[in-house]
Amino acid sequence: MWICMVRMRQEGDAGKNVSQMIYDMWVEDMEDKLAEQDFKWLEIAKFTKEFQHTFYGSAFAYDQALKGDDCALASALYRNVFNEETDAATVARAVGYVRKQLQLVEAVDSEEFMRNGVTPWKAAAVAQ
């Protein structure tokens, strides 16, 4: 989700609006699924608040890391993805993966990305 949000920022206000709509739908879907599992409204509200705090905190850390080097991104991933419970080689692979996925999504034509929802991952799935 964050990688797509990074790409959408390149599209100005339209990208910002679409990014917010996708995020809102994602949260709404999560809340619906929790309600289907008989979670109470207050439990869902608390979970949603914690989720939003975690998501935006992580996204901010990744955004800041993109302004730095791989070490900054590794640190953000180590804290937020791996919860400080993995080895350096795994984090290094994750940094390479994130950088590669950012390159792939940035290469997608704006029209294809914004209007048709084409991503490198969707294109790869269709090709298989």
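Just above, that's the structure.
The rules we used
- Residues numbered from 1 in each chain as written.
- Predicted model: local features only at pLDDT ≥ 70, side-chain atom pairs only at ≥ 80, totals over all residues.
- Heavy atoms only, no water.
- Helix = DSSP H or I, 4+ residues; strand = E, 2+ residues; numbered from the N terminus.
- Buried < 20%, exposed > 50% of the residue type's maximum accessible area, 1.4 Å probe, protein only.
- Contact = heavy atoms within 4.5 Å.
- Areas by Shrake-Rupley, 256 points an atom, 1.4 Å probe, with all protein chains shown as cover.
- Lys, Arg positive; Asp, Glu negative; His and termini not counted.
- Charge placed at Lys NZ, Arg CZ, Asp CG, Glu CD.
- Core = buried A, V, L, I, M, F, W, Y, C linked by side-chain atoms within 4.5 Å.
- Phe/Tyr/Trp six-rings, centres within 6.5 Å; stacked < 30°, edge-to-face > 60°.

Below, the discussion takes up the overall build of the chain. Helix and strand counts for the chain come out as seven helices and zero strands. Seen in sequence order, the chain has helices and strands lined up from the N terminus as α-α-α-α-α-α-α. With respect to the principal axes defined by its C-alpha atoms, the chain has extents near 40 × 40 × 35 Å. When burial is assessed residue by residue, the chain has 30% of its 128 residues classed as buried. Taking all contacts inside the chain whose residues are at least 6 apart in sequence as the whole, residues at least 24 apart take part in 50%. Looking at the chain as shown, the accessible area adds up to about 8700 Å², and 56% of this sits on carbon and sulfur atoms. Side chains of the chain carry 14 positive and 21 negative charges; the gap between the two charge centres is 3 Å.

Our focus in this paragraph is the environment of Met 1. Its place among the elements puts Met 1 in the segment before helix 1 (2-9). Separated by 58 residues in sequence, Met 1 and Ala 59 have C-alpha atoms that sit 9.4 Å apart.

Turning our eyes to something else, we now look at the nonpolar core. If you look at the biggest cluster of nonpolar residues, it comprises 21 residues, and the most contacted ones within it are Trp 2, Leu 73, Leu 77, Val 95, Val 98, Leu 102 and Phe 113. Secondary-structure elements contributing two or more residues to this core are helix 1, helix 3 (41-66), helix 4 (70-80) and helix 5 (88-106). Considering every element that reaches this core, the biggest residue donor is helix 5, with six residues. Ignoring any residue separated from it by four or fewer positions in sequence, one finds Leu 73 in contact with Ala 65, Val 95, Val 98 and Arg 99. Membership of the second largest hydrophobic core comes to seven residues, among which are Val 27, Leu 34, Ile 44 and Phe 55.

Another aspect to go through is the packing of aromatic side chains. Taken as a whole and judged by the stated rule, the model has eight aromatic pairs. Measuring from ring centre to ring centre gives 5.2 Å for Trp 26 and Phe 51, while their planes differ by 85°; the resulting arrangement is edge-to-face. Note that Trp 26 is positioned in helix 2 (residues 12-36) and Phe 51 in helix 3, a separation of 25 residues in sequence. What links up through ring pairs into an aromatic cluster is the set Tyr 23, Trp 26, Phe 51, Phe 55 and Tyr 56.

On their own, these measurements won't tell you what the molecule is for.
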